[in-house]
Amino acid sequence: MSAIKCPPGIKVFNKIADFRQWRRSLLLEQKTLGYVPTMGALHQGHLALVTAAKKRCDHVALTVFVNPAQFAPTEDLSTYPRTLQSDLEKLASLGPGVTSAVLVPQVHEMYPAGIELDVSKQKGTFVEVLGLSQQLEGTTRPNFFRGVATVVSKFLNIVQPEHAFFGQKDIQQCFVIRDMIRDLHIPTKMHICPTVREESGLALSSRNVFLSPSQKKYALVLSQSLKHMESLYRSGTRDASTLLQAGIHLIENARKQVQETEDWELKLDYVSINSAKDLNEIKGDVPKEDGCVISMAVYVGKTRLIDNICLDVELDD
Ligand code: PAF
């Protein structure tokens, strides 16, 4: 922490008690707080959440914490990008008074009982949102949402924001947290903000830094196939399997091209159409009154990318 240069006007805390003291001072001044949870490696998507938070609230706070509990033992916890200094500079570049505080806690403070990546060895308190955590991302990453719900509930408890801001790119995470806030009676209003994309259509993600130039080009297949399914839907195709086949066709073409020309693989993990009410898989026609989420995960080389579109769904009010 001592090596970090804090930009003027942004308070950087690494002790929860110090952050809480600052938070209390806002309450006394009757100022509202908007919160953006992050794992760092900030990009324009995070900055858009900060901007949205500042529009609604007097102050904005972020947390930067690479949460071990949402990584499986086989996943990229140790190589996940950690770029605190440049994260702070990006926040400062939004202008004075946009970001008030950043909490960068230590793992041992967040997980006083310790944190093992192997769930069977874990101790302490964990939060699970049943019914929304095992499908889609949960199939490949069965304990991921348990880790997310746990850390977000801890942070909502620590930060006590009036408003919290999440990106649509992690749509299942948004659904999980929305229900957790409801079920645990957490007095925070959640906002889901649109996915920020490069001009090419590629959804911004901290993991995009792992893509080589040719992988980045082929990664466009995610947004292209989602757009293709959306345009079929808009022109009247309602049958979920017809929509999916159209998306899969584009991904399969990209897979073959990669196989012929590259020394890495492109592999579809899943693509699915789910109800925007409960994330149950839709078979047959998409009912217009419920809306739907079309989501997918694709391995581009070793990097697993996700993306989604929501059709006829009101995500934020
Ligand atoms: O979306 C993320 O970056 C993380 O899942 C979150 C919400 C910060 C929890 O660690």
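Heads up: these notes are all about the structure in this document. In this text, all values refer to a predicted model and were calculated from it rather than measured experimentally. Each residue is numbered by its place in its chain's sequence as written, counting from 1. It should be noted that, the model being predicted, local features are given only for residues of pLDDT at least 70 and side-chain atom pairs only at 80 or more, the latter also being counted only at that level, while totals for whole chains, interfaces and linings use all residues. Derived side-chain values reflect all non-hydrogen atoms in the structure, with water molecules and hydrogen atoms excluded from consideration.

### A word on the pattern of salt bridges
Phase 1: One speaks of a salt bridge when a side-chain nitrogen belonging to Lys or Arg is within 4 Å of a carboxyl oxygen belonging to Asp or Glu. One pass over the full model with this rule turns up 17 salt bridges.
Phase 2: Notably, a salt bridge pairs Glu-137 with Arg-304, separated by 2.8 Å at the nearest N-O pair. Highlighted residues: Glu-137 in helix 5 (residues 137-140) and Arg-304 in strand 9 (residues 303-311), separated in sequence by 167 residues. Each of the two residues, Glu-137 as well as Arg-304, counts as buried.
Phase 3: Beyond isolated ion pairs, a larger network of salt bridges with shared partners links Arg-178, Asp-179, Arg-182 and Asp-183. Segments assigned H or I by DSSP are reported as helices when at least four residues long, segments assigned E as strands when at least two residues long, and all are numbered from the N terminus. Accessible area is worked out with a 1.4 Å probe on protein chains only. A residue is then buried under 20% of its type maximum, exposed over 50%, and partly exposed in between.

### With respect to the packing of aromatic side chains
Phase 1: Note on ring pairs: Phe, Tyr and Trp rings are taken, using the six-membered ring of Trp, and paired if centres are within 6.5 Å. Classes follow the plane angle, with under 30 degrees stacked, over 60 edge-to-face and the rest tilted. Enumeration over the complete set of coordinates arrives at nine aromatic pairs.
Phase 2: Considering the side-chain rings of Phe-144 and Phe-145, the 4.8 Å spacing of their centres and the 75° angle between planes classify their relative orientation as edge-to-face. For the pair formed by Phe-144 and Phe-145, the shared burial category is buried.
Phase 3: Relative to Trp-264, the ring of Tyr-218 lies with its centre 5.8 Å away and its plane at 70°, an arrangement referred to as edge-to-face. Taken together, the residues span a long stretch of sequence, with Tyr-218 in helix 8 (residues 213-218) and Trp-264 in the loop between helix 10 (240-261) and strand 7 (266-275) at a distance of 46 residues.
Phase 4: For Trp-264, a relative accessible area of 12% translates into the label buried.
Phase 5: Ring-over charges, as used throughout, are those where CZ of Arg or NZ of Lys falls within 6 Å of the ring centre and within 35 degrees of the ring normal. Over the ring of Tyr-111 we find Lys-154; its NZ or CZ atom is 4.4 Å from the centre of that ring.
Phase 6: Taking the ring centre of Tyr-233 as reference, the NZ or CZ of Arg-238 above it sits at 4.0 Å.

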